[in-house]
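# Inside the fold
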Amino acid sequence: MDDDEAWELERRLWLEGPGVYRSLVDDECLMAFQPLGILAGPEIIRSLDGAPRWRDVTMTERRIARPAEAIIVLAYRAHSRRDAEAPYAAHCTSTYAKIGDDWRMVQHQQAPAP
């Protein structure tokens, strides 16, 4: 997967619904969000039930690392908004691993940014 493809997967997870999570998020994935806490595997998909999706997302301060051939780590500052809600900003990291022939998210965290 090249850098552009990695950023596109990340964008899709912000903007699209549970279907994209089912196809891209590994069953062993761990996510950490304030104030939700730590979510794992199927809990992640369940947490999306009825949750409004983000209307848009801009990723700045983007960095990418490839610590091994089958691992990609993204780090960035996200600026997003949902309808009728205040803008949201967070520092985020996501880790993707190549499992078989597919790239799957295995870690994601968000820390609210000022």
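Description of the structure in this document.

Thresholds, definitions, all that
Residues numbered from 1 in each chain as written. Predicted model: local features only at pLDDT ≥ 70, side-chain atom pairs only at ≥ 80, totals over all residues. Heavy atoms only, no water. 1 Å grid on protein atoms, 1.4 Å probe; cavity = no way out; pocket = protein on both sides within 12 Å on 5 of 7 lines; lining within 4 Å. Points joined across faces, edges and corners; volume = space filled by probe spheres on them. Helix = DSSP H or I, 4+ residues; strand = E, 2+ residues; numbered from the N terminus. Nonpolar A, V, L, I, M, F, W, Y, C, P; charged D, E, K, R; others polar. Core = buried A, V, L, I, M, F, W, Y, C linked by side-chain atoms within 4.5 Å. Buried < 20%, exposed > 50% of the residue type's maximum accessible area, 1.4 Å probe, protein only. Salt bridge = Lys/Arg side-chain N within 4 Å of Asp/Glu carboxyl O.

On to the layout of surface pockets. For the largest pocket, the calculated volume is near 480 Å³. Lining the largest pocket are 22 residues, and of these Phe33, Leu36, Trp54, Arg82 and Gln110 sit closest to its centre. Every element with two or more residues in the lining of the largest pocket is listed here: helix H1 (3-15), strand E1 (25-33), helix H3 (42-47) and strand E6 (102-112). Of the residues that constitute the lining of the largest pocket, the class distribution is 15 nonpolar, 4 polar and 3 charged.

The biggest cluster of nonpolar side chains holds 27 residues, and the ones touching the most others in it are Leu13, Trp14, Tyr21, Val25 and Tyr76. For this core, the secondary-structure elements that each account for two or more residues are H1, helix H2 (18-24), E1, H3, strand E3 (56-68), strand E4 (71-81), strand E5 (88-99) and E6. Per-element accounting of this core gives the leading share, 5 residues, to H1.

Here the focus is the pattern of salt bridges. Across all of its chains, the model carries 4 salt bridges by this definition. Of the charged contacts in the structure, one is a salt bridge between arginine 66 and aspartate 3, with a shortest N-O distance of 2.7 Å. Taken together, the residues arginine 66 in strand E3 and aspartate 3 in helix H1 connect sequence positions 63 residues apart. You can call aspartate 3 partly exposed: its relative accessible area is 33%. Of the charged contacts, one joins aspartate 26 and arginine 104 as a salt bridge, the two residues approaching to 3.9 Å between their closest N and O atoms.

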